[in-house]
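Summary of the model geometry
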Amino acid sequence: MSDQWWFCLTHKAVEPEKGCPNKDRMGPYPTREAAAGALQTAARRNEEWKRNDDDD
């Protein structure tokens, strides 16, 4: 089994490699904890990108 984890957008849950189709997931992440924070990570990155775009 892989040491990678995904966050399922359909079930709002962390999944191992064998899970829902990748089109419904975010990842892979190196740890279960990182996958659990996928939505927060995406929100933080979106804010950073928006700030960088506003600076241009």
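To be clear, the structure that these remarks concern was listed above.
Figured I'd write up the structure that's included with this text. None of these values were measured; they are calculated from a predicted model.

On to the pattern of salt bridges, then. Applying the stated criterion to the full structure yields three salt bridges. Two residues, Lys23 and Asp24, come together in a salt bridge whose shortest N-O distance is 3.3 Å. Between Arg44 and Glu48 there is a salt bridge, with the nearest N and O atoms lying 3.7 Å from each other. Note that Arg44 and Glu48 are positioned in helix H2 (residues 38–55) at a spacing of four residues, about one turn of the helix. Overall, Arg44 belongs to the partly exposed group, its relative accessible area being 46%.

Quick notes on the rules
Residues numbered from 1 in each chain as written. Predicted model: local features only at pLDDT ≥ 70, side-chain atom pairs only at ≥ 80, totals over all residues. Heavy atoms only, no water. Salt bridge = Lys/Arg side-chain N within 4 Å of Asp/Glu carboxyl O. Helix = DSSP H or I, 4+ residues; strand = E, 2+ residues; numbered from the N terminus. Buried < 20%, exposed > 50% of the residue type's maximum accessible area, 1.4 Å probe, protein only.

Nothing here speaks to function; it is geometry throughout.
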